[in-house]
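Spelled out from the first residue to the last, the chains are:
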Amino acid sequence: MSVIVLDKDAAVSHLQRRPRVSLERGAIILVTALWVLGALMPILALFVISVLRAKGLSFDFSLTLQAYRDVLVDFRLEIILRTLRVVAVVTLIEFLLGYPFAIWLAKGIRSGLAKSIILVLLVVPFFLSPAARTIVWRSILGNDGLINNLLLSVGLVDTPVSWLLFSEFAVHLGLIGPYFPSMVWPIFISVSLIDDELIKASRDLGATGLQTLWYVVTPLAVPGIVAGFLFTAIPMLGDNVASTLLGGGRVALIAESFDDLIRAMNFTGAAALGAILVVAVIATALIIRWVLVHLDRNNGHRLKVMSS
Amino acid sequence: MEGTPAICAESARSPILQLGGVWHSYGAVTVLHNISLHVERGEFLTLLGPSGSGKSTLLRIIAGLENPQKVAMMLLDGMDITWAPANERNVSTVFQHFALFPHMSVGENVEYSLKLRRIPAPERRRRAESMLSLVRLTGKYDRRIYQLSGGERQRVALARSLVMGPDILLLDEPLGALDERLRLDMQRELIELRRATGVTFILVTHSQEEAVSMSDRIALMRAGTIEQLGSPNDLFSRPQTEFAARFMGFENVMHGILRAKRGDLAEVDVGGATLLGRMVSKSAAMNPGDRVFAAIRAEHVEVDCQRTGNSVTAVRGDPIYKGRYYDIPFSTQLGTLIARFGELPVNLACKTNITFSPERCVVGVLGPEGIH
């Protein structure tokens, strides 16, 4: 008899516990599992492979830093530093162009239709292949391209300007277009979320447009700005289209190194380079966050919310 | 200092704000028709009206947050501010939802206008603290906005606007976002704050009760025009038009024809019955034969056997319980009249006589829109 009673108790407590495993909880577990499998595991694998010894197409399971030594040779250090510099400069340019544009898009346009059209126009180029989009610059920047023809016919120069194409300048230019929307989107969203009344209140209290931008709009847009920098800079680190098509072999970026290493079947080397990049990205993100938190302690709580 | 008293006396006479011929429209809809308004120094003026009457637009135009389409005159303290942007006008707005900066502390919010004027930090802090104590928020300087209750946010918004020493404080339905109890407290606080600071207040509201209890003067607005401008008592007991009478809470409004004028009183024919009422429109403007309205408040309608004043036989309807009182509708020759009772009268016959004093009944000419 007592066994039956115990069973009954167990059944009751089971019923009571049931609602705790809700749909929401299930979804969280599922998403976390997918994230671990799809994002975390490959990155961990990257770190593991980078410290293994290559043995033909397979690995010898003994720990070594040989891959790092192979990868971190002088010319590759130069490539890494150049990549970081190009990415930093282009990201900054994107911000200087994208921030005013995002503010105008979010607060300057009253017509909803015009806003939608511009947002669509911002995305449309992405239906084109990145290579096709980028190679167009050749016919504009080349020695008998649009710009040089114009300069020659006006008489500003006697010989074509050669640094326009196959140069760092061309790579910078080629990177600006594709990454403009990834800077604009998050900033546009966070500026859109700022209540118009706050901007009016600032003006009402005596602020000029620039003062309102500095004291009200920018602090409230910080989450979007940080997201814009990350969304722009991180994918740009892996871009190989602009440097391949517009660098002319003179402006090698890190993405090309990956191609080279994988083509040479140096998988541990590629993994080591990837690991270095991942660490660099995480370090940069942490530095940005640290700087922001300490620059404006008032925004600390919001940034923490965002990063958690 | 010797010269200042004369200047003060001079400026004390001139209105703080003079508006003339203000027109504004959104697309095809004209929201302000030729508004002219003078606001006296230190007065509490209320722009009262239903939604869509243009009262908030007028307030935003005074603040400079919106530019009128046409304006003949706009003087603030004697200076032309017609094309001055909002940040160059010494007026400040308390927004309906307060519009406090969420990324700043209470103190930083209050100091904002002083910071823009490059006032040094210690001086800023001193003035912010004294303003916070004026709105009874002493010690809340370092609080975050999200930690405050609705009433406290309201007071931060007031302090933020008042700290810059504005010529006029503009309040855009500031009590609308508060609950009933808080609203009554804030009404009293606003009156005290005005007294303590001496600043001119212009308040926008759709609540006649708020307007009557707080203002020195009320501008009743309707469809972009000022329907009636006067003291709360003027509007409350002498509404000039049918719209004003209805908006100021006259429950019983009848239409009729003016038969004769007897001094201040008018004899009005309503549906065959005759009633006496006090003329609120200028006597000269009213002539026998004119279509007029007659209005009487429910609390001034009495059940009375003595036939004094206006008296009419009535059939009682079902009482409606309103908490503090009962409203009883009566069908009469004049139409349905509502009478108000503190307690349900006992032994009230089904058929009875109701009376109201001619002094309490206002009679005025019907505008073109009242004639159907």
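All residue numbers here refer to positions counted from 1 along the written sequence of the relevant chain. To read the labels, note that chains go from A and ligands from 1, taken in the order they are written. Per-residue local features of the predicted model are confined to residues with pLDDT of at least 70, and side-chain atom pairs are confined, for both listing and counting, to 80 or more; whole-chain, interface and lining totals are unaffected and use all residues. Remark: hydrogens and water are excluded; side-chain values derive from all non-hydrogen atoms of the structure.

### Looking at the layout of surface pockets
A pocket, in this scheme, is an open set of points on a 1 Å grid over the protein atoms alone with protein on both sides within 12 Å along at least 5 of 7 lines, while a cavity is a set where a 1.4 Å probe fits but cannot get out; residues line either one if an atom lies within 4 Å of a point. Grid points are joined across faces, edges and corners, and a volume is the space filled by probe spheres set on the points. For the second largest pocket, the calculated volume is near 350 Å³. Lining the second largest pocket, in full, are Ile103, Lys107, Arg110, Asp196, Ile199, Lys200, Arg203, Gly209, Thr212, Leu213 and Val217 of chain A together with Leu65 of chain B. At the level of elements, α4 (74-108), α9 (196-204) and α10 (209-237) of chain A are the ones that each hand at least two residues to the lining of the second largest pocket. Helix and strand definitions follow DSSP, with helices as H or I runs of at least four residues and strands as E runs of at least two, each counted in order from the N terminus.

### Digging into empty space enclosed by the protein
Residues and elements named next belong to chain B. Applying the stated criterion across every chain, the model contains one cavity of 30 Å³ or more. Considered as a void within the structure, the largest cavity measures approximately 40 Å³ in volume. Of all the secondary-structure elements, those providing two or more residues to the lining of the largest cavity are β13 (273-279) and β16 (310-316). For this scheme, ten residues count as nonpolar: Ala, Val, Leu, Ile, Met, Phe, Trp, Tyr, Cys and Pro. Four count as charged, namely Asp, Glu, Lys and Arg, and the remainder, Gly too, count as polar. Here the residues of the lining of the largest cavity are counted per class, giving five nonpolar, three polar and no charged.

### Regarding a nonpolar patch on the surface
Residue and element names in this part refer to chain A. On the surface, Val120, Val123, Val124, Phe126, Phe127, Trp185, Ile189 and Leu193 cluster together into a nonpolar patch covering about 780 Å² of accessible area. Of all the elements in the fold, those that place two or more residues in the nonpolar patch are α5 (112-123) and α8 (168-192). Structurally, valine 123 is set in helix α5. For valine 123, a relative accessible area of 31% corresponds to the partly exposed category. Within this analysis, patches are made of residues with over 30% relative accessible area and no salt bridge. Like charges are joined at 9 Å or less; nonpolar side chains (Val, Leu, Ile, Met, Phe, Trp, Tyr) at 5 Å or less. Using the Shrake-Rupley algorithm and a 1.4 Å probe, accessible areas are obtained, with residue cover drawn only from the displayed protein chains. Between Lys or Arg on one side and Asp or Glu on the other, a salt bridge is scored when a side-chain nitrogen of the former is within 4 Å of a carboxyl oxygen of the latter. A simple rule labels every residue: compare its accessible area, found with a 1.4 Å probe on the protein chains alone, to the largest value its type can have, and call it buried under 20%, exposed over 50%, or partly exposed in between.

### Some thoughts on the domain arrangement of chain A
Residues and elements named next belong to chain A. Either an automatic procedure or a domain database provided the assignment from which the domain bounds are taken. In terms of domains, chain A is made up of domain 1 (1-50) and domain 2 (68-307). Defined here as a combined quantity, buried area equals the accessible surface (1.4 Å probe) lost by two parts on assembly, summed across both. Both sides together, the interface formed by domain 1 and domain 2 hides about 530 Å², and carbon and sulfur atoms give 80% of it. Area buried by domain 1 at its contact with domain 2 is led by Leu46, Phe47 and Ser50, which between them contribute 75% of it. Our count for the domain 1 to domain 2 interface comes out at zero salt bridges. A 3.5 Å cut-off defines polar contacts: any pair of N or O atoms within that distance qualifies, except that in protein one atom must be a possible hydrogen donor and the other a possible acceptor, and neighbouring residues in sequence count only when both atoms are side-chain atoms. Applying the counting criterion to the domain 1 and domain 2 interface returns one residue pair in polar contact (both at pLDDT 80 or more).

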